[in-house]
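Spelled out from the first residue to the last, the chains are:
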Amino acid sequence: MLSFEPDEEQKMLVEAIEKFAANQMRKVYREAEEEGIIPGHLRQSGWDFGLLPAGIPEQYGGFGEYSVVTAALAAEAMAFGDLAISLAIATPALVGIPLLLSGTEVQKERYLPMFCEESPPSVTAAIIEPTIQYDPRELKTTADHLDGGYVLNGEKSLVPLASEADLILVYANENGNTQAFLVPGDADGLILGSADQLMGLRALPIYNISLQDCYVPAANKLGEEEGISFDLILNHSRVALAASAVGLANAAAVYARQYAKERIQFDEPIAHRQSIAFMLAEMAIEVDSARLMVWETAWKLDRGEDATKEATLMKQYVDQAVLRVADSTVQILGGYGYIREYPAELWLRNARGFSSFDGLAIV
Amino acid sequence: MINFEIPEKITNELQMAKMVAEQVMRVKSRYYDEHEHERPVEYINLMWPVIREQNRRQLEKSMNGKKPERTGPGLAGLRLVMLVETLSWGDAGQYLCTPDPALGGAAIYAVGTMEQKARFLTKFTEGDPKWGAMAMTESCAGSDTSAIRTKATYDPETNEWILTGEKIFCTSGSLALTESDGFVVVWATVDAGAGRAGMKPFVVEANTPGVSIAKQEEKLGIRASDTSSIVFNEARIPFENLLGSPEVQQLDRKTKGFKGAMRTFDASRPVVAASAMGVARAALELTQELLAKEGIVLDYRKPQHKLSAIERDLLEMQARHKAGWLLTQRAVSLMDHGQPNRLEASMCKAYAGDAVTWITQKAVELLGPLGYSRNLLVEKWMRDAKINDIYEGTKQINLLIVARSILGYSRRELK
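Being a predicted model, the structure only gives us computed values, none of them experimental.

Student: What exactly am I supposed to notice about the overall build of chain A here?
Tutor: Each helix and strand counted, chain A has twelve helices and ten strands in total. Relative to the globule expectation of 21 Å for 363 residues, the C-alpha radius of gyration of chain A, 20 Å, shows essentially globular dimensions. The principal-axis extents of the C-alpha atoms in chain A amount to approximately 75 × 45 × 35 Å. Among the 363 residues that make up chain A, the fraction classed as buried is 56%.

Student: How should I be thinking about the overall build of chain B in this particular structure?
Tutor: The secondary structure content of chain B amounts to 14 helices and eight strands. The principal-axis extent of the C-alpha atoms belonging to chain B is close to 75 × 45 × 40 Å. Pairs at least 24 apart in sequence give 76% of the contacts found in chain B among residues at least 6 apart.

Student: Got a minute to help me understand the interface of chain A and chain B in this structure?
Tutor: Chain A puts 36 residues into the contact, and the matching count from chain B is 33 residues. Listed by contribution, the elements that provide at least two residues to the side of chain A that touches chain B are β1 (3-4), α8 (230-262), α9 (274-302) and α10 (308-333) of chain A. By residue number, the principal contributor to the side of chain A that touches chain B is α9(A), which donates 14 residues. Of the residues belonging to the side of chain A that touches chain B, the class tally is 18 nonpolar, seven polar and eleven charged.

Student: Would you explain the domain arrangement of chain B in this entry?
Tutor: How big an interface is tends to be stated in terms of the accessible area lost upon association of its parts. Residues and elements named next belong to chain B. Each domain of chain B was delimited in the assignment, giving domain 1 (8-125), domain 2 (132-254) and domain 3 (258-407). Computed over C-alpha atoms only, the centres of domain 1 and domain 3 are separated by 21 Å. On the side of domain 3, 25 residues touch domain 1, which itself brings 27 residues to the contact. Elements that contribute at least two residues to the side of domain 1 that touches domain 3 include exactly α1 (8-34), α3 (76-90), α4 (92-95) and α5 (102-111). Here the side of domain 1 that touches domain 3 is composed, by residue class, of 15 nonpolar, seven polar and five charged.

Student: Can you walk me through unusual backbone geometry in this structure?
Tutor: When glycine is set aside, most residues are seen to have a negative phi, and most peptide bonds are trans. Positive phi outside glycine occurs at A:Asp267, with the angle close to 70 degrees. Tracing the chain through its elements places A:Asp267 in the loop between β9 (264-265) and β10 (268-269). Residues other than glycine seldom take positive phi values, yet B:Phe169 does so here, at roughly 55 degrees. Examined against the element boundaries, B:Phe169 turns out to sit in strand β4 (residues 160-171). Given 18 C-beta atoms within a 10 Å radius, B:Phe169 is considered partly exposed.

Student: Looking at this structure, how should I read the nonpolar core?
Tutor: In globular proteins that are soluble, nonpolar side chains generally tend to be buried together. Core analysis: the largest hydrophobic core is formed by 253 residues, its most contacted members being A:Ala72, A:Ala249, A:Leu280, A:Val294 and B:Val184. Residue contributions to this core peak at 18 residues, all from α8(A). What A:Leu280 contacts, discounting residues up to four positions off in sequence, is A:Ala256, A:Arg257, A:Ala260, B:Ala403, B:Ile406 and B:Leu407.

Student: Would you mind showing me how to read the confidence of the model for chain B here?
Tutor: Detailed reading of the predicted coordinates is not advisable wherever pLDDT falls low. A residue-level look at chain B finds 94% of positions with pLDDT of 70 or above and a mean pLDDT of 93. The ipTM for the predicted assembly is 0.93, set against a pTM of 0.94.

Student: Would you mind going over α10(A) with me for this structure?
Tutor: Each α-helix winds once per 3.6 residues, and so residues spaced three or four apart point in a common direction. Residue and element names in this part refer to chain A. Compared with an ideal rise of 1.5 Å per residue, which puts 26 residues at 38 Å, α10 spans 37 Å between its outermost C-alpha atoms and is within 8% of the ideal. When you tally the buried positions in α10, you get 20 out of 26 residues, the bulk of the element. Phi for Gly 334, located one or two positions after α10, is positive at around 60 degrees.

Student: Help me understand the pairing of strand β3 (residues 151-155) of chain B in this model?
Tutor: Side-chain positions along a regular strand alternate between the two faces of the sheet. Residue and element names in this part refer to chain B. Of the strand pairs in this sheet, β3 and β4 are connected by five bridges, and their pairing is antiparallel. For Tyr 154, the partnering residue across the bridge sits in β4 and is Trp 161. Counting the residues in the hairpin turn of β3 and β4 gives four residues, including Asn 159, whose phi is positive at 55 degrees.

Student: Hey, could you run me through the packing of helix α6 (residues 93-102) of chain A against α8(A) in this one?
Tutor: Angle between the axes and distance between the axes: these two values describe a pair of packed helices. All names here are of chain A. Two elements in contact, α6 and α8, have axes separated by 10 Å at closest approach and are oriented at 140 degrees. For the element pair α6 / α8, the angle class is oblique. The element α6 and its partner α8 pack so that their crossing is right-handed. For the pair formed by α6 and α8, the contact residues are Ile 97, Pro 98, Leu 101 and Ser 102 on the first element and Leu 232, Ile 233 and His 236 on the second. Classifying every residue of the contact of α6 with α8 gives five nonpolar, two polar and no charged.

Student: Any chance you could explain the packing of α1(B) against α3(B) here in plain terms?
Tutor: Residues and elements named next belong to chain B. Running from amino to carboxyl end, α1 crosses α3 at an angle of 20 degrees, the nearest separation of the two axes being 8 Å. For the element pair α1 / α3, the angle class is roughly parallel. In this structure, α1 crosses over α3, and the sense of that crossing is right-handed. Touching Ile 10, Glu 13, Leu 14, Ala 17, Lys 18, Val 20, Ala 21, Glu 22, Met 25 and Arg 26 of α1 are Leu 78, Arg 79, Met 82, Leu 83, Thr 86, Leu 87, Trp 89 and Gly 90, all from α3.

Student: Would you take a moment to explain helix α13 (residues 378-385) of chain B for this structure?
Tutor: Burial analysis of α13(B) places seven of its eight residues in the buried class, the great majority of the element. Residues B:Val378, B:Glu379, B:Lys380, B:Trp381, B:Met382, B:Asp384 and B:Ala385 constitute the buried set of α13(B).

Student: Teacher, can you tell me more about the domain arrangement of chain A here?
Tutor: Residue and element names in this part refer to chain A. Looking at chain A, the domain boundaries give domain 1 (8-116), domain 2 (123-226) and domain 3 (230-356). Computed over C-alpha atoms only, the centres of domain 1 and domain 2 are separated by 22 Å. Across the boundary between the two partners, domain 1 contributes 19 residues, which contact 16 residues of domain 2. Those elements that provide at least two residues to the side of domain 1 that touches domain 2 are α1 (8-35), α5 (83-90) and α6. If one sorts the elements of the side of domain 1 that touches domain 2 by residue count, α5 sits on top with five residues. By residue class, the composition of the side of domain 1 that touches domain 2 is twelve nonpolar, six polar and one charged.

Student: Looking at this model, I keep getting lost on the environment of B:Phe202. Mind explaining?
Tutor: Residue and element names in this part refer to chain B. Here Phe 202 lies in strand β6 (residues 199-205). Residue class for Phe 202 comes out buried when judged on the 24 C-beta atoms lying within 10 Å of it. Residues Phe 202 and Leu 286, 84 residues apart in the sequence, show an inter-C-alpha distance of 43 Å. Contact partners of Phe 202, with chain neighbours within four places excluded, come to Ala 152, Trp 161, Leu 163, Val 186, Ala 188, Ile 237, Asn 241, Leu 242 and Leu 243.

Student: I would appreciate a short explanation of the environment of A:Val216 in the present structure.
Tutor: Residues and elements named next belong to chain A. Mapped onto the secondary structure, Val 216 falls in strand β8 (residues 206-217). Given 22 C-beta atoms within 10 Å, Val 216 falls into the buried group. Between the C-alpha atom of Val 216 and that of Leu 146, which follows or precedes it by 70 residues, the distance is 9.6 Å.

Student: Can you help me understand the environment of B:Ala92 in this one?
Tutor: All names here are of chain B. Within the secondary structure, Ala 92 sits in helix α4. Ala 92 gets classed as buried once you count the C-beta atoms within 10 Å, which come to 30. Once residues within four sequence positions are removed from consideration, Ala 92 is found in contact with Ile 222, Ser 275, Val 279 and Asp 384.

Conventions we followed
Residues numbered from 1 in each chain as written. Chains lettered and ligands numbered in written order. Predicted model: local features only at pLDDT ≥ 70, side-chain atom pairs only at ≥ 80, totals over all residues. Helix = DSSP H or I, 4+ residues; strand = E, 2+ residues; numbered from the N terminus. Rg over C-alpha atoms; globule rule 2.2 N^0.38 Å. Buried ≥ 20, exposed ≤ 12 C-beta atoms within 10 Å, placed from the backbone. Contact = placed C-beta atoms within 7 Å. Nonpolar A, V, L, I, M, F, W, Y, C, P; charged D, E, K, R; others polar. Domains from an automatic or database assignment. Core = buried A, V, L, I, M, F, W, Y, C linked by C-beta atoms within 7 Å. pLDDT = per-residue confidence, 0-100. Expected span 1.5 Å × (residues − 1). Pairing = 2+ DSSP bridges. Axes fitted to C-alpha atoms, helices over the stretch in contact; angles between N-to-C directions. Parallel < 35°, antiparallel > 145°, perpendicular 65-115°, else oblique. Left-handed = near helix turned anticlockwise from the far one by under 90°.

Structure (structure tokens):
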């Protein structure tokens, strides 16, 4: 039956994350952005919400309540606080969720328990490539079947927390299909590159890495012989990213709304002017409609239905919406939207990235 | 919980509507578009028995003390919205000719007494097709509804109201007053100086002396729909035709009547949005069908940089359609759950009108010279679409309502 009301447990979770966002993330995000460092206790506190263990079956140490809708609600609330910090907190899921979706029983038993520990495991994934025509379904990084294993070659960028990773899930092109390979952090041929210099996400330690004849045994191919269902994994990733985009867009829209009510020009708040008020109204509509697109896609995934069409439409819509909302926020703030003492410019720099972030997060 | 499932009961019911849309409405779409003042009798006569029965059930429920718009988690809103979407997919203009109390009925349900509901709506459960309508707009009062000048003067000797004035752009006004035993809910002022507080809804029944149709408009689109100007030349109606309880009928400074009417828009705006999305879906589907014949089929797995311009446009059309439809579903779902939905209703109406305008204009563009030809219905759908940006609150007015709501402002702060 058609309904748009999160249940009580979801509301409680979102409320708790909102508090965390307001009391902790928002206090440090600007400094983190300027310094390029996220305070460690924040990542631990984010981990303490147990978002990833929630989705892992009990037999591996989790709570066994996987819900993409719930995860989307959580991702939105986290990103409302700060996108870079939320991506750092969500980095372990980049390995945990694909394991859940496509791992063999042996792989699940071996790796899933580490996601149910007190502290987050040092793992990440490498999928994005430093190319204009990045296509996660047609990667340039290759995997060649050789000697009972695979040899990986290629360049990856935007790998979060790569420098501390003990394990990296590397996506590569095997005979025209995207597959994923668990590569130990100290593997031969896995070379940590420079820190990525990005327009936004500057608080997030994010790296280039290089695969140079990097060999992994066949057992490390996710899903082994059968491989992964990449469409499914990508759809889950797109939900995570779009949900985060909604959080960021909402943060901007709410901020702009409040600013416009307080900023006095010509003897009254600028929110009294239709040009501003209409921008705010359109921003609110964009946030709400973007959120509904995310929810529908997440709901379909929870029902085990193919959501490729919905995920693509969602991405098409949300990528643009978040940028428009962030841009309008800068605009409403005028000169203050342009300076780094105010959050608007940061949201705009982050918003533009979504169209290229395929694979950077997953729920 | 968050749930997008449409109950099977409703999808089953829609099968009949789909048949009507395909086999009756579409077949005559071009004909009625080119014969503007002819009535789509095939559609009207087919729908009337169904509508008549629905009216009977609705009236019965209402007379049993339950207000239709507050019956707890129900299906009424969703059912209506999906029906309207399907019928509009068929033909938006013909859909507007559905013999039904429509907006006039909505006003009666919103503020009428039990006695008034029985008196005015019972006939919609029997006999021949008839129409209800609402007459608000005047030449000097469109978005500014408080500027209406149609006057209602009370005659204590006969205990009647005397109406004088002229309404324009009344949907189904002729159908209601001169072509059936229907009625029009007319907004008139009992005190011109009092602004909104003086505005009251009056039921004017068919064949009332002093009431005449001055004009039937010729329009860009929805040509099958009757859009009439109504003149009231000292027309007399019973005192009890003023809608509402005695406290509303008191000639005091309260705006309850006006607010009651505005409440009906919370219910009707999602319905207009649904109509818009039906037209959008028609254009979208035809565009996809014709492009497929040229070998252009959208592959959702293709990365953006490999999409042709046409594929990009198609993707954008689908995305906006989905966004508009989801917003509409949300607005109606709140209503079905008995929750306030003014903000959400205006959001979906503002967005849907804009989306269907863009989608249908894009469809004509993508289909090239064929899209421009009257041999296809898509040019008609573009013309039919545009009204959704305009009636029942223009996009600008709905944005204003959204803005005031999110800012916590009234008319005082935000004009």
